[in-house]
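# Understanding the architecture of this molecule
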Amino acid sequence: MLIRCLKTSKTISRISFLSAIAAGSIFVYAGVLKALDVAGLTESIAAYQILPIQMVPFVAATLPYVEIGAGLLVLLRPWRGAALATLAVLNGVFMVALSSLIIRGINIDCGCFSSATTSDPTSVSSALLRDLVIMAVIAFASLSAVRRESSGT
């Protein structure tokens, strides 16, 4: 029984580690794409019709680097728990914004992995579903990070 428990624990730890790598990589990738097209990102953020128009350029200029920074910190073990919490907050904000689009009947490209000028837009409902999966990955990665940080290993 103990051996099975240890094997399961090792398997969970490995899957959790891979989940953290996936979550960090997703946000680094998305952040880099956004940083390469700040003008397109500005259009995408404005299309959500949530923020005051004066704030849109600031958010477009900073969001990619917050995503890249948090994603990279997830890949560095000492800060993984805090960085995963940051990714969860970012992803939660994205999910709320996407939900608000659905409620208000606005159908735009989410701008998550592309700009407003992309010829292959992602539907709002598809983006929300993808963000739910990403949140599950972040949550699974966080379980191991929190357990590891609380045990001091």
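Remember, it's a predicted structure, so these values are computed and weren't measured experimentally.

About the criteria used
Residues numbered from 1 in each chain as written. Predicted model: local features only at pLDDT ≥ 70, side-chain atom pairs only at ≥ 80, totals over all residues. Heavy atoms only, no water. Core = buried A, V, L, I, M, F, W, Y, C linked by side-chain atoms within 4.5 Å. Buried < 20%, exposed > 50% of the residue type's maximum accessible area, 1.4 Å probe, protein only. Helix = DSSP H or I, 4+ residues; strand = E, 2+ residues; numbered from the N terminus. Axes fitted to C-alpha atoms, helices over the stretch in contact; angles between N-to-C directions. Left-handed = near helix turned anticlockwise from the far one by under 90°. Contact = heavy atoms within 4.5 Å. Nonpolar A, V, L, I, M, F, W, Y, C, P; charged D, E, K, R; others polar. Arc of directions from axis to C-beta. Parallel < 35°, antiparallel > 145°, perpendicular 65-115°, else oblique. Expected span 1.5 Å × (residues − 1). Bend = angle between axes of the 7 residues up to and from the residue. pLDDT = per-residue confidence, 0-100.

Right, let's talk about the nonpolar core for a bit. Core analysis: the biggest nonpolar cluster contains 19 residues, and F27, I45, V74, L84, L87, L90 and I138 have the highest contact counts within it. Where this core is concerned, the elements lending two or more residues are α1 (2–35), α2 (38–47), α3 (56–75), α4 (80–104) and α5 (124–151). A per-element tally of this core places α3 first, with 6 residues. In this structure, Y48, M95, L98 and I106 belong to the second largest nonpolar core, which totals 12 residues.

Following both chains from N to C, one finds α3 and α4 inclined at 140 degrees, their axes separated by 8 Å at the closest point. Relative to α4, the crossing made by α3 is left-handed. Along the contact surface, α3 presents L63, V66, E67, A70, G71, L73, V74 and L75, while α4 presents R80, A83, L84, T86, L87, L90 and F94. Split by residue class, the contact of α3 with α4 holds 11 nonpolar, 2 polar and 2 charged.

This paragraph deals with α2. Of all the positions in α2, only G40, L41, S44 and I45 are classed as buried. Relative to the axis of α2, the buried residues are bounded by an arc of 135 degrees and lie together on one face.

Before going further, it helps to examine the packing of α2 against α3. As a packed pair, α2 and α3 sit with axes 9 Å apart at the nearest point and diverge in direction by 125 degrees. With respect to α3, the element α2 is oriented oblique. For the element pair α2 and α3, the recorded crossing hand is right-handed. Where α2 abuts α3, its residues V38, L41, T42, I45 and A46 lie against V56, V59, A60, A61 and P64. Considering only residue class, the contact of α2 with α3 consists of 9 nonpolar, 1 polar and no charged.

Turning our eyes to something else, we now look at α3. Its 20 residues give α3 an end-to-end C-alpha distance of 29 Å, which sits within 8% of 28 Å, the value for a rise of 1.5 Å per residue. Considering bend angle alone, the principal kink of α3 is centred on T62 and spans about 30 degrees; proline P64 follows within four residues of it. Along α3, the positions that sit buried rather than exposed are V56, V59, A60, L63, P64, E67, I68, A70, G71 and V74.

In this model, the chain carries an average pLDDT of 86, and 84% of its residues clear a pLDDT of 70 or more. Mean pLDDT in the chain bottoms out at α5, which sits at 82, and peaks at α3, which reaches 96.

This part covers the environment of L101. Note that L101 resides in helix α4. Residues L101 and I50, 51 residues apart in the sequence, show an inter-C-alpha distance of 9.3 Å. Contact partners of L101, with chain neighbours within four places excluded, come to Y48, I106, I108 and V124.

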